[in-house]
Amino acid sequence: MTSPRTTLSLVDTDPAELAVDAIVIGVHSQTGEQDPPGALLLGSGAESIAAAFDGRLTETLALLGATGGPGEVIKLATLGTITAPVVAAVGLGPEPTGAAPAPETLRRAAGAAVRALAGAGRVALALPLPDDDDAPAALRAVAEGALLGGYRFAGYKTRPQPTRREPVAEVLVAVPDAADATATAEVARAQAVTDAVRLTRDWVNTAPNELRPPAFADAVAGAARDAGLDVEVLDEAALAAGGYGGIIAVGQGSEAPPRLVKLSYTPAGGGTGKRVALVGKGITFDTGGISIKPAQGMWEMKSDMAGAAAVAATMLAVAALKPSVPVTAYLPMAENMPSGTSYRPGDVISMFNGKKVEVLNTDAEGRMILADAIARACADGCDYLFETSTLTGGQVVALGKRISGVMGTAELCERVRTAGDAVGEPAWPMPLPDDVRKGMESDVADISQVNAGMDRAGHMLQGGVFLREFVTDEVAWAHIDIAGPSYHSGEATGYWTKGGTGVPVRTLLQLVDDVAANG
Ligand code: BES
Ligand code: MN
Ligand code: ZN
């Protein structure tokens, strides 16, 4: 299932003399203020290569059509001028005045370059890296981009694909000092982080018939045990006995029964910091149930477990990176199917925290399983709770395919936004309005699952408002709706490949670091 892993190391020898299959340099686009006008600007790091070309490198690249635009990769045969047989120039956009490119620019460029060089065994990156305090963040970005751009889902094709080139096996990153401790630590972190992102992508891209709740729970539990995490798996009998009405209701329409997987990481000595709980939506396939979805595009609902996949993979990275705070994950898993045993509109469900929910639309299943998992996390005890889910089509309508929606405690929402901004996974805070809660008053139960008038106004916000009912007062929480950003249906771009993106793994790991550092 898993795609071959790219390895990454640092070098500090002259890039012009590196024995690699291709060397990547950065080029900035024309700004109109250059001399001569319209010239490409070479990114720093490529000086010795430019010298080997007698100063004619940018001119040659321009002849080959290079504009320096973001994402552009132009390859050039070096014909003996330098050791590597190919130079690949990756576009970085306009040069930021007096500064190195932003980390996300470097991350996308490294991803685009490594992706374009599929088929090459060994590739070196000589990209512009700052030599000041920004150096570690820039190196982290380049390493992450390169390792993620090299991702490819193994897939299920039974015949060899002669035109398909293998992902790059080995990446070298040119830095001033390859033995520098900070730099080596950044590479090790990037490996752990991108392993988690890649595993998330693999799980999301796996066919839904191969990853029904029991199989998904087994895969997660096995990987977590191997990583040294504590694992608890509740099966359908344990869920029923434990009062997890929401998870049982959604799972009861499928022959593949639901699960709740709990993973715990405890730092050496127990840790004194705030206790972090992570919750992820694990609907292994969402047909909508009795409130069935239209056929068009329904297959994409194989990605409805992207939140659980991201949280599980994040826990594996936590086990490897060993932060000083305790982190516990809760992964409710169910398959939302229509059948003679399905839950139905009109049902009233008794949830884990005792609240009664009136079901109005079985396609609003995510909040049903998440509510139980959130209530369990609060019952176990936590200080911060981050929950992530492909919860609403409304998120995509409001914020598009790149920006996640965040709802919850104001301070924590802001921390999610800042963390997302730092790692290139943008997220935007959204409100939890009183009138939306009023619209969810039920005639018979404590709350309706969606707006009783079934109108879609504030669709994404209804999800957040519902989940809030299951968070206890002392817990600061944030709900991250990743319906759009977790899955990329278009062609590969930057370090995003087609299919699962791995959002929000890097945000969650950044948040764990943030809590470890700042409480
Ligand atoms: N899994 C879907 C949300 C979704 C939509 C994720 C598009 C990714 C892309 C969720 O379970 C769902 O069906 N939501 C409904 C909610 C409605 C019934 C209140 C929706 O968005 O229409
Ligand atoms: Mn649904
Ligand atoms: Zn769903």
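Residues numbered from 1 in each chain as written. Chains lettered and ligands numbered in written order. Predicted model: local features only at pLDDT ≥ 70, side-chain atom pairs only at ≥ 80, totals over all residues. Heavy atoms only, no water.

1. Describing the coordination of the zinc ion (ligand 3)
Moving on, step 1. Around the zinc ion (ligand 3), the protein contributes the donor atoms Lys281 (NZ), Asp286 (OD), Asp304 (OD) and Glu365 (OE), which lie 2.0 to 2.4 Å from the metal centre.
Moving on, step 2. Each of the 6 donor atoms around the zinc ion (ligand 3) contributes to a set of angles spanning 78 to 172°, which defines the coordination as octahedral.
Moving on, step 3. For the zinc ion (ligand 3), the single-chain donor residues occur in sequence as K-x4-D-x17-D-x60-E.
Moving on, step 4. The two metals, the zinc ion (ligand 3) and the manganese ion (ligand 2), are separated by 3.2 Å and share aspartate 286 as a common coordinating residue. (Donors = N, O, S within 2.8 Å, 3.2 Å for Na, K, Ca; no water. Tetrahedral: all angles 85-135°; square planar, octahedral: opposite > 155°, others 65-115°.)

2. Overview of the coordination of the manganese ion (ligand 2)
Moving on, step 1. Bound to the manganese ion (ligand 2) on the protein side are Asp286 (OD), Asp363 (O), Asp363 (OD) and Glu365 (OE), at distances that span 2.0 to 2.2 Å.
Moving on, step 2. Given 6 donor atoms and angles of 70 to 166° at the metal, the environment of the manganese ion (ligand 2) is assigned as irregular.
Moving on, step 3. Donor residues for the manganese ion (ligand 2) sit on one chain with the sequence pattern D-x76-D-x1-E.
Moving on, step 4. Among the residues examined, aspartate 286 registers a relative accessible area of 3% and is labelled buried.
Moving on, step 5. Exposure remark for aspartate 363: the relative accessible area of 21% places this residue in the partly exposed category. (Buried < 20%, exposed > 50% of the residue type's maximum accessible area, 1.4 Å probe, protein only.)

3. Some words on helix α3 (residues 103-116)
Moving on, step 1. Its 14 residues place the ends of α3 20 Å apart at the C-alpha level, agreeing with the 20 Å of an ideal helix rising 1.5 Å per residue.
Moving on, step 2. Within the span of α3, buried status applies to Glu104, Leu106, Arg107, Ala109, Ala110, Gly111, Ala112, Ala113 and Val114. (Helix = DSSP H or I, 4+ residues; strand = E, 2+ residues; numbered from the N terminus. Expected span 1.5 Å × (residues − 1).)

4. Here's the deal with the environment of proline 323
Moving on, step 1. Locating proline 323 in the fold gives a position in the loop between α9 (306-321) and β12 (327-336).
Moving on, step 2. Sequence spacing of proline 323 and threonine 266 is 57 residues, and the spatial spacing of their C-alpha atoms is 9.1 Å.
Moving on, step 3. If we ignore the near neighbours within four places in the chain, the residues touching proline 323 are Tyr265, Pro267, Val318 and Val512. (Contact = heavy atoms within 4.5 Å.)

5. What to know about the sheet that holds strand β13 (residues 348-350)
Moving on, step 1. Ordered in space as β13-β14-β18, the 3 strands form an open sheet in which the pairing is mixed. Edge positions in the open sheet fall to β13 and β18 (447-448), since each of these has one partner strand only.
Moving on, step 2. Pairing analysis gives 2 bridges linking strand β14 (residues 356-358) to β18, with the strands arranged parallel. Bridging across to β18, glutamate 358 finds its partner in serine 448. (Pairing = 2+ DSSP bridges.)

6. Focus on the UniProt feature "binding site: Mn(2+) 1" (unreviewed entry) in the protein chain
Moving on, step 1. Residues given the UniProt feature "binding site: Mn(2+) 1" (unreviewed entry) here are Asp286, Asp363 and Glu365. Separation in sequence by 80 residues is not matched in space for these annotated residues, since their most distant C-alpha atoms are only 8.3 Å apart.
Moving on, step 2. Here aspartate 286 shows up in strand β11 (residues 282-286).
Moving on, step 3. In this structure, aspartate 286 is in contact with Lys293, Met298, Met301, Asp304, Asn336, Asp363 and Glu365, ignoring residues within four places of it in sequence.
Moving on, step 4. Only 2.9 Å separates the side chain of aspartate 286 from the backbone nitrogen of glycine 288, close enough to count as a polar contact. (UniProt positions renumbered as here; feature names shortened; annotations may be inferred. Polar contact = N/O pair within 3.5 Å; in protein donor to acceptor, adjacent residues only side chain to side chain.)

7. Quick look at the side chain of arginine 367
Moving on, step 1. Relative to the helices and strands, arginine 367 is located in helix α10 (residues 366-380).
Moving on, step 2. Despite its burial, arginine 367 pairs with no opposite charge; the closest candidate is aspartate 481, at 7.1 Å N-O.
Moving on, step 3. In terms of polar contacts, arginine 367 uses its side chain to reach the backbone carbonyl oxygen of glutamine 449, at 3.0 Å.
Moving on, step 4. In contact with arginine 367, not counting residues within four places along its chain, are Leu391, Thr392, Gln449, Val450, Gln462, Gly463, Phe466 and Leu467. (Lys, Arg positive; Asp, Glu negative; His and termini not counted. Salt bridge = Lys/Arg side-chain N within 4 Å of Asp/Glu carboxyl O.)

8. Concerning the site of ligand 1
Moving on, step 1. As a structural note, the neighbourhood of ligand 1 is formed by 17 residues, with Asp286, Lys293, Asp304, Asp363 and Gly393 the closest of them.
Moving on, step 2. Glycine 393 has a polar backbone atom sitting 2.7 Å from an oxygen atom of ligand 1.
Moving on, step 3. Computed on the free molecule, ligand 1 has an accessible area of 510 Å², of which 87% lies beneath the protein chains in the complex.
Moving on, step 4. The residue inventory of the shell around ligand 1, partitioned by class, reads 5 nonpolar, 5 polar and 7 charged. (Near = heavy atom within 4 Å. Areas by Shrake-Rupley, 256 points an atom, 1.4 Å probe, with all protein chains shown as cover. Nonpolar A, V, L, I, M, F, W, Y, C, P; charged D, E, K, R; others polar.)

9. A word on the domain arrangement of the protein chain
Moving on, step 1. When cut into domains, the protein chain gives domain 1 (7-157 + 165-176) and domain 2 (198-518).
Moving on, step 2. The gap between the C-alpha centroids of domain 1 and domain 2 is 37 Å.
Moving on, step 3. In this complex, domain 1 contributes 16 residues to the contact, which on the side of domain 2 involves 19 residues.
Moving on, step 4. Summed over both partners, the interface of domain 1 with domain 2 buries about 1500 Å², with 53% contributed by carbon and sulfur atoms.
Moving on, step 5. Between glutamate 144 and arginine 506 there is a salt bridge; the shortest N-O distance is 3.2 Å.
Moving on, step 6. Counting across the interface, domain 1 meets domain 2 through 10 residue pairs in polar contact (both at pLDDT 80 or more).
Moving on, step 7. Residue assignment for the side of domain 1 that touches domain 2 shows that the elements contributing at least two residues are α3 and α4 (135-149).
Moving on, step 8. Broken down by class, the residue content of the side of domain 1 that touches domain 2 amounts to 6 nonpolar, 4 polar and 6 charged. (Domains from an automatic or database assignment. Buried area = accessible area lost by both parts, 1.4 Å probe.)

10. Comments concerning the UniProt feature "binding site: Mn(2+) 2" (unreviewed entry) in the protein chain
Moving on, step 1. Residues given the UniProt feature "binding site: Mn(2+) 2" (unreviewed entry) here are Lys281, Asp286, Asp304 and Glu365. What stands out for the annotated residues spanning 85 residues is how close their C-alpha atoms remain, the widest pair being 11.3 Å apart.
Moving on, step 2. Locating lysine 281 in the fold gives a position in the loop between β10 (276-280) and β11.
Moving on, step 3. For glutamate 365, the location among the structural elements is in the loop between β14 and α10.
Moving on, step 4. Apart from residues no more than four positions distant in its own chain, glutamate 365 is found in contact with Val250, Lys281, Ile283, Asp286, Asp304, Asn336 and Tyr343.

11. Topic: the side chain of aspartate 347
Moving on, step 1. Tracing the sequence through the fold places aspartate 347 in the loop between β12 and β13.
Moving on, step 2. Here aspartate 347 falls in the buried class, since its relative accessible area comes to 14%.
Moving on, step 3. Side chain to side chain, aspartate 347 and arginine 344 meet in a polar contact 3.0 Å long.
Moving on, step 4. Not counting the four nearest positions on each side in its chain, aspartate 347 is found in contact with Val357, Glu358 and Val359.

12. Details of the state of the cysteines
Moving on, step 1. For the structure on display, the rule yields 0 disulfides.
Moving on, step 2. With no disulfide of its own, cysteine 378 has cysteine 382 as its nearest cysteine by sulfur position, at a separation of 4.8 Å.
Moving on, step 3. Here cysteine 413 stays unpaired: no disulfide links it, and the sulfur of cysteine 378, its closest cysteine neighbor, is 15 Å away.
Moving on, step 4. What makes cysteine 413 buried here is its relative accessible area of 4%. (Disulfide = S-S within 2.5 Å.)

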